[in-house]
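For reference, the chains in residue letters:
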Amino acid sequence: MHAYQIVAYILNDSEQKQSDMKKIVIVDGGPRRDMNTAQLLQRFAEGAKSVGEDVEVKSVRLYDIDYKGCMSCMACKLKGKASNICRFRDALSPLLDEIAEADGLVLGSPIYFGEVTGKMRAFLERLAFPWLSYNDYSLTAPKRMPVVLVETMNGTPERNNSNHFGTMEWCLTTALGEPERIIGYNTCQVAKYDNYELGSFSEEAKHVWRDAHWEEDLQRAYDAGRKMAEQ
Ligand SMILES: Cc1cc2nc3c(=O)[nH]c(=O)nc-3n(C[C@H](O)[C@H](O)[C@H](O)COP(=O)(O)O)c2cc1C
């Protein structure tokens, strides 16, 4: 084999390996680094990575990125130049570009006033508006992929005010596929309830719930990570 043939072989081989890599993007829409939402997303990442070295997991915290929601610049709807990836360039653009090519997407948010956080909502505007056609109201993402939605809240399965990912769920479901859901209910919002004006919560009851459910919630996140990576 000539030297140039060996080089070509090596290049082809590395290109092949790259195309065999599975990329999962995890987007954390919560402000707290190590708390409930972040822990579930971390376990999801661990599950996905446990499947093998051909799984790349990219975790991004929206609160670390300085960006805006949809600016209504309409660049994604320009005649002859319409795009299903947001054309407005700012610090969010690299993430939106990566998601367009990903093999799986995980979105996590605490529930604030019944909805996802403002940061998550602003991100979803930028993600989904370019998918939406104003010609026929169809929704087309650059690529369909498995989606997992993670949310945490004070509410319980029986009594909560969560609207989940709201109207954006319709966009995600139509453009990417039916999402799987992981919900952490009745989370501990603080470590020491006595230090705060949180009189409607009992620290004891919170800890009883946590002891009974949290490990299970983390395990579900881990299993969902494995499942997405294996898909
Ligand atoms: C601004 C704010 C609003 C909240 N609104 C709700 C709510 O409407 N319903 C609910 O069940 N929990 C609500 N919570 C509680 C959080 O959703 C819950 O503590 C969540 O697990 C926090 O996630 P984290 O630990 O990852 O930060 C709210 C918390 C904050 C700070």
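Look up a bit, the structure's there.
Parameters and conventions
Residues numbered from 1 in each chain as written. Predicted model: local features only at pLDDT ≥ 70, side-chain atom pairs only at ≥ 80, totals over all residues. Heavy atoms only, no water. Pairing = 2+ DSSP bridges. Helix = DSSP H or I, 4+ residues; strand = E, 2+ residues; numbered from the N terminus. Right-handed = clockwise from strand over helix to strand, strands pointing away. Near = heavy atom within 4 Å. Polar contact = N/O pair within 3.5 Å; in protein donor to acceptor, adjacent residues only side chain to side chain. Areas by Shrake-Rupley, 256 points an atom, 1.4 Å probe, with all protein chains shown as cover. 1 Å grid on protein atoms, 1.4 Å probe; cavity = no way out; pocket = protein on both sides within 12 Å on 5 of 7 lines; lining within 4 Å. Sits in = over half its atoms within 2 Å of the grid points. Nonpolar A, V, L, I, M, F, W, Y, C, P; charged D, E, K, R; others polar. Axes fitted to C-alpha atoms, helices over the stretch in contact; angles between N-to-C directions. Contact = heavy atoms within 4.5 Å. Points joined across faces, edges and corners; volume = space filled by probe spheres on them. Core = buried A, V, L, I, M, F, W, Y, C linked by side-chain atoms within 4.5 Å. Buried < 20%, exposed > 50% of the residue type's maximum accessible area, 1.4 Å probe, protein only. Phe/Tyr/Trp six-rings, centres within 6.5 Å; stacked < 30°, edge-to-face > 60°. Lys NZ or Arg CZ within 6 Å of the ring centre and 35° of its normal.

(A) Summary view of the pairing of strand S2 (residues 55–61). By the bridge criterion, 7 bridges tie strand S1 (residues 22–28) to S2 in an arrangement that is parallel. Looking at the pairing, Lys-23 lines up with Glu-56 of S2. Since S1 and S2 lie parallel, the crossover through helix H2 (residues 36–49) that links them has a hand, and here it is right-handed.

(B) Summary view of the site of the ligand. Residues in contact with the ligand amount to 16 residues; listed here are only the nearest, Asn-36, Thr-37, Ile-111, Thr-152 and Thr-187. Between an oxygen atom of the ligand and a main-chain N or O atom of Ile-111, the distance comes to 2.7 Å. Isolated, the ligand exposes 640 Å² of accessible area, and the fraction of that covered by the protein chains is 82%. Among the detected pockets, the ligand sits in the largest pocket. Each residue belonging to the shell around the ligand can be placed in one class, and the counts come to 6 nonpolar, 9 polar and 1 charged.

(C) View of the sheet that holds S2. One open sheet accounts for 5 strands, arranged S2-S1-S3-S4-S5; its pairing is parallel. Of all the strands in the sheet, the pair left with one neighbour each is S2 and strand S5 (180–184). Neighbour-to-neighbour, the strand axes of the sheet open up by a mean angle of 15°, direction not taken into account. Pairing geometry for S1 and strand S3 (residues 104–110), over 5 bridges, is parallel. Within S3, the residue paired with Ile-26 across the bridge is Val-106. Sheet strands in contact with helix H4 (residues 118–128) are S1 and S3, and its direction is about 150° off that of S3.

(D) Main features of empty space enclosed by the protein. By the definition in use, this model includes 4 cavities of 30 Å³ or more. For the largest cavity, the calculated volume is near 100 Å³. If you go around the largest cavity, you meet 14 residues; those closest to its centre are Cys-70, Cys-73, Cys-76, Cys-86 and Phe-129. A per-class count over the lining of the largest cavity returns 10 nonpolar, 1 polar and 3 charged. The computed volume of the second largest cavity comes to approximately 70 Å³. As for the second largest cavity, its lining consists of Asn-84, Ile-85, Cys-86, Leu-96, Ile-99, Ala-100, Arg-126, Leu-127, Trp-131 and Pro-142. At the level of elements, helix H3 (93–101) and H4 are the ones that each hand at least two residues to the lining of the second largest cavity. Residue contributions to the lining of the second largest cavity peak at 3 residues, all from H3.

(E) Here's a closer look at the nonpolar core. In terms of nonpolar packing, the biggest core is built from 36 residues, with Val-27, Leu-95, Leu-107 and Phe-123 touching the most fellow members. For this core, the elements supplying multiple residues, two or more each, are S1, H3, S3, H4, strand S4 (147–152) and helix H5 (168–175). It is H4 that provides the largest number of residues to this core, a total of 6 residues. Excluding residues that lie within four positions of it along the chain, Phe-123 makes contacts with Val-27, Leu-62, Tyr-67, Leu-92, Leu-95, Leu-96, Ile-99 and Leu-107.

(F) Local environment of the packing of aromatic side chains. Applying the stated rule across the entire model yields 3 aromatic pairs. With 5.7 Å between their ring centres and 50° between their planes, Tyr-134 and Tyr-137 make a pair best called tilted. Centroid distance Tyr-193 to Phe-201: 6.2 Å. Interplanar angle 65°. Geometry classified as edge-to-face. Look at Tyr-193 and you get buried, because its relative accessible area is 4%. A residue is classified by how much of its surface remains accessible, and Phe-201, at 26% relative accessible area, is partly exposed. In this structure, Lys-77 is placed above the aromatic ring of Phe-129, and the distance from its NZ or CZ to the ring centre is 4.0 Å. We note Lys-77 situated over the ring of Tyr-134; from NZ or CZ to the ring centre the distance is 5.9 Å.

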